[in-house]
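Here is how the chains run, residue by residue.
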Amino acid sequence: MLDIKTTKTTTPKELPDKDDPLKFGTIFTDHMFIMDYEEGKGWHDARIIPYQPISLEPSAMVFHYGQEMFEGLKAYKTEDGRILLFRPHMNAKRTNNTCRRLCIPEIPEEDFVQAIKELVKIDKAWIPTKEGTSLYIRPFIIATDPFLGVRPSHTYKFMIILSPVGPYYPEGLNPVKIWIEDEYVRAVKGGIGEAKAGGNYVASLKAQIKAYEEGYSQVLWLDGVHRKYIEEVGAMNIFFKINNVVVTPKLNGSILPGVTRDSVIKMCNHWGIKVEERLISIDEVYNAHKDGLLEEVFGTGTAAVISPVGHLRWENHIMQVEDGGIGPLSQKLYNTLTGIQLGKIEDVYNWTVEV
Ligand code: COI
């Protein structure tokens, strides 16, 4: 159990207006959590302080070799005033999987969840309640040794910041357009593709700009070896409903193991819908579309929730998914997931954790 020292702000910021659409990741709450790591001392000095800039040496290793990781989860306020987190222990476990891959010291699962709970409690007035909004929680760790040699740092900072958010995509629940990338790759097996590391996202920017310029919201990555098998989308995992079967790429070492991905698979299993986690090639999707069997496509992610895909572009082929609107399964998954997160639907899976 962490002993967290708290210093409250003396100059609280104005809360966003209730009707503010809350553009994703632009507003930050009054407080943040910090804890330091030093070899020999371990993680220590857990504290909640007013949200503020941090001071680092320009030689801090994170700036040079990118030794850093991050997570994303959300807090929700229920109609009867409770505060719920969604599967925070899964984020804690994934944090430590990422830490092991990036040679960052692990954080005890219970400490990770406790730090989030205490910070969210202090800034609970910032949890928005308008439809489609939530409090996004961003834990992250950076390497802070002032050193230019390539090796794991001996010192780190673990921080958590909070941001009231609306939908990740401006489209909201309207289907997004996805660009299937055939020039650049995001990750390969053996690399850091399954880690939640900033490096995976910087690797995606070049293709994302290309896609934006063509009027697409996100990039869908193909595998880096055969350039054939579907991996994931920029900010989410991807699912296809083909001829009544839900298919998603299996976790192969280069795909992020999403919490929402896992939740969707479990909900479909619970409803008796067949789910296959396997290799799925872009040709298979293209042929299914040609044969009229591509029924739904949707992305899943903490930020993206369930995000219908209405249009895919692969080389010179345009695939419009059904009538381009949200499909019935995507809508049911969205309603059930957000219903559980907001405490409106019974949580038969035991996913929510009260703060
Ligand atoms: C999340 O969904 O929480 C993520 O970390 C994706 C990020 C690109 C917003």
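Residues numbered from 1 in each chain as written. Predicted model: local features only at pLDDT ≥ 70, side-chain atom pairs only at ≥ 80, totals over all residues.

Lining the immediate surroundings of the ligand are G72, A235, G301, T302, A303 and A304. When grouped by side-chain class, the residues that make up the shell around the ligand number three nonpolar, three polar and no charged. (Near = placed C-beta within 6 Å. Nonpolar A, V, L, I, M, F, W, Y, C, P; charged D, E, K, R; others polar.)

In this section: the nonpolar core. Membership of the largest hydrophobic core comes to 85 residues, with the highest contact counts inside it found for I137, I178 and L220. Taken domain by domain, this core gets at least three of its residues from each of domain 1 (5-165) and domain 2 (176-342). (Core = buried A, V, L, I, M, F, W, Y, C linked by C-beta atoms within 7 Å. Buried ≥ 20, exposed ≤ 12 C-beta atoms within 10 Å, placed from the backbone. Domains from an automatic or database assignment.)

Here the domain parsing of the protein chain yields domain 1 (5-165) and domain 2 (176-342). A straight line from the C-alpha centre of domain 1 to that of domain 2 covers 27 Å. Each side of the interface is counted separately: domain 1 has 21 residues, and domain 2 has twelve residues. When contributions to the side of domain 1 that touches domain 2 are tallied by element, the ones reaching two or more residues are β4 (68-70), β5 (73-77), β6 (83-86) and α2 (88-101). If one sorts the elements of the side of domain 1 that touches domain 2 by residue count, α2 sits on top with five residues. (Contact = placed C-beta atoms within 7 Å. Helix = DSSP H or I, 4+ residues; strand = E, 2+ residues; numbered from the N terminus.)

With that settled, consider the environment of V321. Mapped onto the fold, V321 is located in the loop between β17 (317-320) and α8 (328-341). Note on V321: 24 C-beta atoms within 10 Å, which makes it buried. Through-space distance from the C-alpha of V321 to that of A303 is 23 Å; in sequence the pair is 18 residues apart. Each residue touching V321, except ones within four places of it in the same chain, is listed here: L294, E296, V297, V309, G310 and H311.

This paragraph deals with unusual backbone geometry. One non-glycine residue, R87, lies in the positive phi region at around 50°. For R227, which is not glycine, the phi torsion reads 55° and is therefore positive. Here R227 shows up in the loop between β10 (218-222) and β11 (230-233). Exposure remark for R227: the 13 C-beta atoms within 10 Å place this residue in the partly exposed category.

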